[in-house]
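Analysis of the macromolecular model
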Amino acid sequence: MTRRYFGTDGIRGTANLYPMTPDIAMRVGMAVGLHYRNGHRQRVVIGKDTRLSGYMLENALVAGFTAVGVDVFLLGPIPTPAVAMLTRSMRADYGVMISASHNPYADNGIKLFGPDGFKLSDLVESEIEALIDSDLARRLSPASELGRAKRVDGVLDRYIEFAKRTLPRQLSFDGMRVVVDCANGAAYKAAPLALWELGAEVVSIGVEPDGFNINRDCGSTAPEALARKVHEVRADVGIALDGDADRVVMVDEKGQVIDGDQLMALVAGYWKDEERLVGPGIVATVMSNLGLERFLAAQGLSLVRTPVGDRYVMEHMRQHGFNVGGEQSGHIILSDFATTGDGLIAALQVLAVVCREGRPVSEVCHRFDPVPQVKKNIRYQGGQPLENEQVQRVIADAEQKLGKTGRLVIRPSGTEPVIRIMGEGDDADLVLQVVNDIAEVVQRAA
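Quick caveat, the model's predicted, so the values are computed rather than measured.

Each value, and the rule that gives it
- Residues numbered from 1 in each chain as written.
- Predicted model: local features only at pLDDT ≥ 70, side-chain atom pairs only at ≥ 80, totals over all residues.
- Heavy atoms only, no water.
- Helix = DSSP H or I, 4+ residues; strand = E, 2+ residues; numbered from the N terminus.
- Rg over C-alpha atoms; globule rule 2.2 N^0.38 Å.
- Buried < 20%, exposed > 50% of the residue type's maximum accessible area, 1.4 Å probe, protein only.
- Contact = heavy atoms within 4.5 Å.
- Phe/Tyr/Trp six-rings, centres within 6.5 Å; stacked < 30°, edge-to-face > 60°.
- Lys NZ or Arg CZ within 6 Å of the ring centre and 35° of its normal.
- Pairing = 2+ DSSP bridges.
- Axes fitted to C-alpha atoms, helices over the stretch in contact; angles between N-to-C directions.
- Core = buried A, V, L, I, M, F, W, Y, C linked by side-chain atoms within 4.5 Å.
- Patch = residues over 30% accessible without salt bridge, like charges linked within 9 Å, V, L, I, M, F, W, Y side chains within 5 Å.
- Areas by Shrake-Rupley, 256 points an atom, 1.4 Å probe, with all protein chains shown as cover.
- Salt bridge = Lys/Arg side-chain N within 4 Å of Asp/Glu carboxyl O.
- Polar contact = N/O pair within 3.5 Å; in protein donor to acceptor, adjacent residues only side chain to side chain.
- Parallel < 35°, antiparallel > 145°, perpendicular 65-115°, else oblique.
- Left-handed = near helix turned anticlockwise from the far one by under 90°.
- Nonpolar A, V, L, I, M, F, W, Y, C, P; charged D, E, K, R; others polar.
- 1 Å grid on protein atoms, 1.4 Å probe; cavity = no way out; pocket = protein on both sides within 12 Å on 5 of 7 lines; lining within 4 Å.
- Points joined across faces, edges and corners; volume = space filled by probe spheres on them.
- Disulfide = S-S within 2.5 Å.

Here we take up the overall build of the protein. Each helix and strand in the protein was counted, giving 14 helices and 19 strands. For a compact globule of 446 residues, the expected C-alpha radius of gyration is about 22 Å, and the protein comes in at 22 Å, within 12% of that figure. Reported as C-alpha extents along the three principal axes, the dimensions of the protein are approximately 65 × 60 × 40 Å. Classification of the 446 residues of the protein by burial places 60% in the buried group. The contacts of the protein with a sequence gap of at least 6 include a subset with a gap of at least 24, amounting to 71%.

Following this line, the structure appears as structure tokens:
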């Protein structure tokens, strides 16, 4: 089914341009409230990251929710996984996060959570879309039944305690020097404080949000700043979150980046040894490296691949009984603790393994040698470039050249007008050649 508003991860776009306008945000609030209307006074929690447009969208959502009789609890700047946790903890009927995750400040988005803290299914999102486009004016609440809105204090403290409780009570990071890059985003207060309370010596960067600098040359999509700081202060490890802190990448004491695939391999192997791993392996997406799959197979574990998006990873985990999953980009889902990707909790679990091993992060966290992988993004203005006959022909030719020693993943982004091309295989030169060939033809078609 073609959808007008929802993509891979909620609704996303440039602020004040369709569909990220205050009018659409207000209608989203109305539509969600009406979709879940069930006879009792409903509650919604709303969090946001640090983008300038968050103020505008927050107020528009409040107007929409209160117009259909929903009480609103405003959490302020707070990580996406905290919104998911607080939706359950505060017995809300649903939760909303205003964020465009790792995108630049000019973009923003709306992510929705159900009362169980899980992201909504495609079916529910489609039903909400139908309501957004319906005649909502006839279904507004009478004046006596309008919702109320208020800000909630102490929510960051609740989330920090929740994250800390995922570790054994006696565990301490005393003596560990940690650099944390919060991407000038939603975790700029929570992450440094949680690490400090756990005993670490904390050096913080990306903790001065101004509405414009979220994800700018910092955070999980630009870990170079973190690597430089780790080297400068001779830290044991670096942690880079993204703008809404639902993903994480790490840097070892040598400045080498540790991506989501390596983190999943570490947790899966350690939890298997401790008999904590549920299911025959882990769940990841089509983008995870072939090296991860081979590493897990050597451990007697499987790798199940889903479409891109942590929501699809979590859906498969719930349906088939896995408790570790995620994405190469750093969405790590540990369902024993959280209902969505949680960068802080994932980092704490990795640091716990480092403490127990008593060895440098470079030795503990690099679990396998990744297969050479090349990625290219081609921006397009419209149409369906992947349906072009020449594009399909060059893709088929590339697949034949790679054979069984490599993989291709070519897909439109779910969050922006971009065709993403990924190739990997044992022959690095061949991978680079086929990806360049495909990119050239897609560029012409776009």
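In this section: the packing of aromatic side chains. If you walk through the whole model with that rule in mind, you get six aromatic pairs. Look at Tyr36 and Tyr94: their rings are 5.1 Å apart centre to centre, the planes differ by 40°, and that puts the pair in the tilted class. Separated by 58 residues along the polypeptide, Tyr36 in the loop between helix H1 (22–35) and strand S3 (43–48) and Tyr94 in strand S5 (residues 94–98) bring together distant segments of the chain. On the basis of relative accessibility, which here comes to 1%, the residue Tyr94 falls in the buried class. What links up through ring pairs into an aromatic cluster is the set Tyr36, Phe65 and Tyr94. Over the ring of Tyr55 we find Lys48; its NZ or CZ atom is 4.0 Å from the centre of that ring. Seen from the ring of Phe118, Arg318 lies directly overhead, with NZ or CZ sitting 3.5 Å from the centre.

Read from one edge of the open sheet, three strands run S17-S19-S18, paired in antiparallel fashion. The open sheet terminates on both sides in strands that have one partner only, identified here as strand S17 (373–379) and strand S18 (406–412). Each adjacent strand pair in this sheet contributes to an overall mean axis angle of 10°, direction not counted. Note that S17 and strand S19 (residues 418–425) share seven bridges and pair antiparallel. Looking at the pairing, Arg379 lines up with Val418 of S19.

Most often, soluble globular proteins have nonpolar side chains that are buried together. Core analysis: the largest hydrophobic core is formed by 76 residues, its most contacted members being Leu75, Phe173, Ile239, Val248 and Met250. With ten residues, helix H11 (residues 343–357) is the single largest residue contributor to this core. Leave out the neighbours within four places in its chain, and Val248 touches Ile239, Ala240, Leu241, Leu263, Ser329, Gly330, Ile332, Gly343, Ala346 and Ala347. Counting 35 residues, the second-largest nonpolar core is a separate cluster that includes Leu34, Ile46, Leu57 and Leu61.

On the surface, Leu52, Tyr55, Tyr105 and Phe212 cluster together to form a nonpolar patch covering roughly 400 Å² of accessible area. In this structure, Tyr105 sits in the loop between S5 and strand S6 (107–113).

This brings us to the side chain of His331. With respect to the helices, strands and loops of the structure, His331 is situated in the loop between strand S15 (324–326) and strand S16 (332–334). Taking the relative accessible area as the measure of exposure, His331 reaches 4% and is therefore buried. Here Asp246 takes part through its side chain, which lies 3.2 Å from a polar atom of the side chain of His331. For His331, the side chain forms a polar contact with the side chain of Glu327, separated by 2.6 Å. Not counting chain neighbours up to four residues away, the residues in contact with His331 comprise Asp246, Arg247, Asp310, Gly325 and Gly326.

As a packed pair, helix H5 (residues 155–164) and helix H6 (residues 190–197) sit with axes 10 Å apart at the nearest point and diverge in direction by 50°. Considering the angle they form, H5 stands oblique to H6. In terms of crossing hand, the pair formed by H5 and H6 is right-handed. Residue-level contacts link Leu156, Tyr159, Ile160, Glu161 and Lys164 of H5 to Ala190, Leu193, Ala194 and Glu197 of H6. Partitioned by chemical class, the residues of the contact of H5 with H6 number six nonpolar, no polar and three charged.

Our focus in this paragraph is the sheet that holds strand S10 (residues 237–241). Judged by pairing direction, the sheet is mixed, and its five strands sit side by side in the order S9-S8-S10-S11-S12 without closing on themselves. Unpaired on one side and paired on the other, strand S9 (201–205) and strand S12 (257–258) mark the two borders of the sheet. As paired strands, strand S11 (residues 248–251) and S12 are joined by two bridges and run antiparallel to one another. When the sheet's bridge partners are listed, Met250 is paired in S12 with Ile258. The strands touched by helix H7 (residues 224–233) are strand S8 (177–181), S9, S10 and S11; relative to S8, the strand with the most contacts, the crossing angle is about 155°.

We now examine empty space enclosed by the protein. All told, the structure shown has three cavities of 30 Å³ or more when counted by the stated rule. Estimated volume of the largest cavity: approximately 50 Å³. Surrounding the largest cavity, Phe6, Asp9, Gly10, Lys111, Leu112, Lys119, Glu125 and Arg311 form its lining. For the lining of the largest cavity, the class distribution of residues is two nonpolar, one polar and five charged.

Before going further, it helps to spend a moment on the packing of helix H8 (residues 260–273) against helix H9 (residues 290–298). Here H8 crosses H9 at 10°, and the two axes come no closer than 10 Å. Taken together, the axis directions place H8 and H9 in an arrangement best described as roughly parallel. Contact with H8, carried on its side by Asp261, Met264, Ala265 and Ala268, involves Leu292, Phe295 and Leu296 of H9 and no other residues of that element.

Now for H7. Every buried residue of H7 is listed here: Ala225, Leu226, Ala227, Val230 and Val233. Of the surrounding elements, those touching the buried residues of H7 are S8, S9, S10 and S11. Once H7 finishes, Arg234 follows within two positions and takes phi at roughly 55°, a positive value.

A few words on the state of the cysteines. Two cysteines joined by a covalent bond between their sulfur atoms form a disulfide. Under the definition given, this model contains zero disulfides. Of all cysteine sulfurs, the one in Cys365 lies closest to Cys355, which takes part in no disulfide; the gap is 11 Å. The partly exposed category is assigned to Cys355, whose relative accessible area is 28%.

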